[in-house]
Amino acid sequence: MNKLKWWFRIVGAFYLLLTAMNLWGIFLSGSDQMFADILPAPMNTDALAVRAFIDAWLVFVFELGVLGAMALVASQAPVQNRIMAWTLIWAEVFRGIVGDVIWITRGYSASSYAIFIVIHLIIIVTGVMFVRQAQAE
């Protein structure tokens, strides 16, 4: 149970850190260049495409923030909140790995998204292990 509690806390804090960084980039950086650099050519030079990407990305950022906050709440009673762990795990599978693979096949940076795929896998594997351990206790 203690491992699952800390998994919730670490994943939740990581999600909130990513949320804060992205919100800073969207609203406070004063430049869309950070997001233009993510997009493959020729979209990265089209201001309208960059703006559309940022607008769509914002929805993902809000979701990430909510999931991060709820992971911290779930850490207070990790065994009773196993469904939240499974929600995070499956989000990492689909929003994470599947989404990143699709983006790589569409021209997004393989090296950048390969790093995130590794992070998604770490979250998934440790989450499954700790949920199963907590369930067995």
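Scroll up a little and you will see the structure.
For clarity, every value in this text was computed on a predicted model and none was experimentally measured.

What counts, and at which threshold
- Residues numbered from 1 in each chain as written.
- Predicted model: local features only at pLDDT ≥ 70, side-chain atom pairs only at ≥ 80, totals over all residues.
- Heavy atoms only, no water.
- Phe/Tyr/Trp six-rings, centres within 6.5 Å; stacked < 30°, edge-to-face > 60°.
- Helix = DSSP H or I, 4+ residues; strand = E, 2+ residues; numbered from the N terminus.
- Buried < 20%, exposed > 50% of the residue type's maximum accessible area, 1.4 Å probe, protein only.
- Lys NZ or Arg CZ within 6 Å of the ring centre and 35° of its normal.

Asker: Residue-level account of the packing of aromatic side chains, with values.
Answerer: In total, this model carries 10 aromatic pairs according to the counting rule given. Between Trp 57 and Trp 103, the aromatic rings sit 5.7 Å apart at their centres with planes inclined by 35 degrees, giving tilted as the arrangement. Note that Trp 57 is positioned in helix α3 (residues 47-74) and Trp 103 in helix α4 (residues 82-105), a separation of 46 residues in sequence. Trp 57 sits in the buried class, given a relative accessible area of 14%. Ring centres 6.4 Å apart and planes at 40 degrees place the aromatic pair Tyr 113 and Phe 116 in the tilted group. With Tyr 113 and Phe 116 both in helix α5 (residues 110-136) and three residues apart, the pair spans about one turn of that helix. Phe 116 gets classed as partly exposed once you look at its relative accessible area, which sits at 36%. Taken together, the ring pairs in this structure connect Phe 53, Trp 57, Phe 60, Trp 103, Tyr 108, Tyr 113 and Phe 116 into an aromatic cluster. The side chain of Arg 9 reaches across the aromatic face of Trp 6, ending 4.8 Å from its centre.

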